[in-house]
Amino acid sequence: MRRAGGGRSADAIGRDAGLHPRGRAMASREEKVQLLRCKMRTYPDFPKPGVTFQDICPILKDPNAFRATIDLFEEHLKENCPLPDLVVGLDARGFLFGPVVAQRLGIGFVPIRKKGKLPGPIISVEFSSEYAKGELEIQCGAVESGQKVVVIDDLLATGGTLSAACELLKKVNAETRECLVVIELKALNGLQKLGCVPCYSILQY
């Protein structure tokens, strides 16, 4: 079992933080972050040599950790970015967190997908990440002109995907208030590509 600092297990941290599967979290922000950090797994040279992959699957498997993630996003938005109209999630891991955050806030969720996944008229923009290139697409009319949105994904690395999503939302005249990610790889300077759009990350490496 993976241990946090001081030799305590992730399960022990979850219990001490009061993160029970049948109830809402009552833990402090620091306890929630510690729980997520000790759940993370790192795989070097995946999906190609030179890339270090941060695996969020253990967070998804553990209901305490997943709830802590959603709690942290919800708390941050309520304190720093009140009253967005929509949550926008990026293909594909943004779909794991975005709809739940949207439900917590009582607002709608809109997906931005990779090329060829959405029916009907679409608007697209090219993107380049640390290990892939392609196009992102959004359905015409999914986000209305002037709507305030927040964008959710799992990771900020080079910033290519998130910056492309912000560009796509600018094309439909939406106002991107903030980006939210579980993990930020600070050495890759992805924040620079986002320009004036702020980004909140739960874990930094």
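Residues numbered from 1 in each chain as written. Predicted model: local features only at pLDDT ≥ 70, side-chain atom pairs only at ≥ 80, totals over all residues. Heavy atoms only, no water.

Engineer: It is not clear to me how the pattern of salt bridges should be interpreted in this structure. Could you clarify?
Structural biologist: Where charged atoms from two side chains of opposite charge approach closely, those side chains can pair. Per the stated rule, a full pass over the model turns up 12 salt bridges. The closest approach of N and O atoms between Glu 135 and Lys 115, which form a salt bridge, is 3.5 Å. Taken together, the residues Glu 135 in strand β6 (residues 133-139) and Lys 115 in the loop between β4 (108-114) and β5 (122-128) connect sequence positions 20 residues apart. Taking relative accessible area as the criterion, Lys 115 reaches 54% and is therefore assigned exposed. Where Glu 184 meets Lys 186, a salt bridge forms, and the shortest distance between an N and an O atom there is 3.8 Å. What makes Glu 184 buried here is its relative accessible area of 7%. For Lys 186, a relative accessible area of 46% gives the class partly exposed. Here the salt bridges share partners, and the residues they tie into one network are Lys 32, Asp 71, Glu 74, Glu 75, Lys 78 and Arg 104. (Salt bridge = Lys/Arg side-chain N within 4 Å of Asp/Glu carboxyl O. Helix = DSSP H or I, 4+ residues; strand = E, 2+ residues; numbered from the N terminus. Buried < 20%, exposed > 50% of the residue type's maximum accessible area, 1.4 Å probe, protein only.)

Engineer: Would you explain the packing of helix α4 (residues 63-80) against helix α5 (residues 94-105) in this entry?
Structural biologist: Think of two packed helices as two axes; the pair is described by the angle between the axes and how far apart they sit. Interaxial distance between α4 and α5 falls to 10 Å at its minimum, and their mutual angle equals 55 degrees. The angle between the axes of α4 and α5 places the two elements in the oblique class. Here α4 runs over α5; the crossing is right-handed. Across from Phe 66, Arg 67, Thr 69, Ile 70, Asp 71, Phe 73, Glu 74, Leu 77 and Lys 78 in α4, the residues of α5 making contact are Leu 96, Phe 97, Val 100, Val 101, Arg 104 and Leu 105. Of the residues belonging to the contact of α4 with α5, the class tally is 9 nonpolar, 1 polar and 5 charged. (Axes fitted to C-alpha atoms, helices over the stretch in contact; angles between N-to-C directions. Parallel < 35°, antiparallel > 145°, perpendicular 65-115°, else oblique. Left-handed = near helix turned anticlockwise from the far one by under 90°. Contact = heavy atoms within 4.5 Å. Nonpolar A, V, L, I, M, F, W, Y, C, P; charged D, E, K, R; others polar.)

Engineer: Just checking my understanding: could you explain the nonpolar core for this structure?
Structural biologist: One broad rule of soluble globular proteins: the nonpolar side chains tend to lie buried together. Leu 36, Phe 73, Phe 97, Val 101, Ile 152, Leu 180 and Ile 202 are the most contacted members of the largest nonpolar core, which has 27 residues in total. For this core, the elements supplying multiple residues, two or more each, are α2 (29-39), α4, α5, β7 (148-156), β8 (175-184) and β9 (199-204). For this core, the element with the highest residue contribution is α4, accounting for 6 residues. With residues near it in sequence (within four places) discarded, Leu 180 still touches Phe 73, His 76, Leu 77, Val 150, Val 151, Ile 152, Asp 153 and Tyr 200. (Core = buried A, V, L, I, M, F, W, Y, C linked by side-chain atoms within 4.5 Å.)

Engineer: How should the confidence of the model for the protein be read in this particular structure?
Structural biologist: When pLDDT is averaged along the protein, the result is 90; 86% of the residues meet or exceed 70. Low pLDDT (under 50) marks residues 1-6, which in the prediction has 15 contacts with non-local residues, meaning those over four places away or in another chain. (pLDDT = per-residue confidence, 0-100.)

Engineer: Can you help me understand the packing of aromatic side chains in this one?
Structural biologist: Aromatic ring pairs are described here by two measures, namely the spacing of the ring centres and the angle between the planes. Overall, the coordinates contain 5 aromatic pairs when judged by the stated rule. Pairing Phe 46 with Phe 53 gives two aromatic rings, centres 5.2 Å apart and planes at 90 degrees, and the pair type is edge-to-face. A connected cluster of aromatic rings, assembled from ring pairs, spans Phe 66, Phe 73, Phe 97 and Tyr 200. A cation sits over an aromatic face here: Arg 37 above Tyr 205, 5.4 Å from the ring centre. (Phe/Tyr/Trp six-rings, centres within 6.5 Å; stacked < 30°, edge-to-face > 60°. Lys NZ or Arg CZ within 6 Å of the ring centre and 35° of its normal.)

Engineer: Would you mind showing me how to read the sheet that holds strand β3 (residues 86-90) here?
Structural biologist: Backbone hydrogen bonds are what pair the strands of a sheet, in a parallel or an antiparallel way. Strand order in the open sheet formed by 7 strands is β5-β6-β4-β3-β7-β8-β9, and the pairing between neighbours is mixed. Whereas interior strands pair on both sides, the edge strands pair on one side only; in this sheet they are β5 and β9. Strand after strand, the sheet turns through a mean of 25 degrees between neighbouring axes, direction not considered. Here β3 runs beside β4; their pairing, made up of 5 bridges, is parallel. Bridging across to β4, Gly 89 finds its partner in Pro 111. Set on the sheet, helix α6 (residues 160-171) makes contact with β3, β4, β5, β6, β7 and β8; between it and β5 the angle comes to about 155 degrees. (Pairing = 2+ DSSP bridges.)

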